[in-house]
Amino acid sequence: MWPASDTIDVVNWLIYLAAIAAGAANPGQSGANAQLRKSLDETVLTAAWVYLTGLLAMLLIQLFVREAWPAGGKLAQVPWWAWTGGLLSIV
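Residues numbered from 1 in each chain as written. Predicted model: local features only at pLDDT ≥ 70, side-chain atom pairs only at ≥ 80, totals over all residues. Heavy atoms only, no water.

(A) Focus on the overall build of the protein. Along the backbone of the protein there are 4 helices and 0 strands. Overall, the protein shows an N-to-C arrangement of helices and strands of α-α-α-α. The C-alpha radius of gyration of the protein comes to 18 Å, more than 25% above the 12 Å expected for a compact globule of 91 residues. Overall, the protein is about 55 × 35 × 25 Å in size when its C-alpha atoms are taken along their principal axes. Only carbon and sulfur atoms are counted for the fraction: they give 72% of the accessible area of the protein, which is about 8,000 Å². Placing the 4 positive and 5 negative side-chain charges of the protein at their respective mean positions leaves the two points 9 Å apart. (Helix = DSSP H or I, 4+ residues; strand = E, 2+ residues; numbered from the N terminus. Rg over C-alpha atoms; globule rule 2.2 N^0.38 Å. Areas by Shrake-Rupley, 256 points an atom, 1.4 Å probe, with all protein chains shown as cover. Lys, Arg positive; Asp, Glu negative; His and termini not counted. Charge placed at Lys NZ, Arg CZ, Asp CG, Glu CD.)

(B) Geometry of the pattern of salt bridges. Under the definition given, this model contains 1 salt bridge. A salt bridge links Asp41 to Arg37; its shortest N-O distance comes to 3.2 Å. Of the residues examined, Arg37 reaches a relative accessible area of 34% and is grouped as partly exposed. (Salt bridge = Lys/Arg side-chain N within 4 Å of Asp/Glu carboxyl O. Buried < 20%, exposed > 50% of the residue type's maximum accessible area, 1.4 Å probe, protein only.)

(C) Here's a closer look at a nonpolar patch on the surface. There is a patch of nonpolar side chains on the surface, built from Trp49, Leu52, Leu55, Leu56, Leu59 and Trp69 and spanning about 680 Å² of accessible area. Relative to the elements of secondary structure, Trp49 occurs in helix H2 (residues 43-65). With relative accessibility at 49%, the residue Trp49 sits in the partly exposed group. (Patch = residues over 30% accessible without salt bridge, like charges linked within 9 Å, V, L, I, M, F, W, Y side chains within 5 Å.)

(D) Up close: the packing of aromatic side chains. For the structure on display, the rule yields 1 aromatic pair. Centre to centre, the rings of Trp13 and Tyr16 are 5.9 Å apart; their planes meet at 85°, and the pair counts as edge-to-face. Here Tyr16 and Trp13 lie together in helix H1 (residues 4-40), a separation of 3 residues that amounts to about one turn. Residue Trp13 is classed as exposed on the basis of its relative accessible area, which comes to 58%. (Phe/Tyr/Trp six-rings, centres within 6.5 Å; stacked < 30°, edge-to-face > 60°.)

Right under this line is the structure:
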């Protein structure tokens, strides 16, 4: 078994690699979304497809991660404006 410090080093490298992969994927996502929009010639349908596939991917990830859903009390403590992030992202 690895010593604790080696495990932390491995986790740090995995985090760095994930950050690099996310940064590299960002232009790819923009390009794919732009091409889909251009090919379909439908802005709303393209946006709906992008958000739907993102939701499905997050639900799939949830199946593997199995993170608990927040309790109702915790949801009630969230400021109203914090729920507008998805709406603001499409404006």
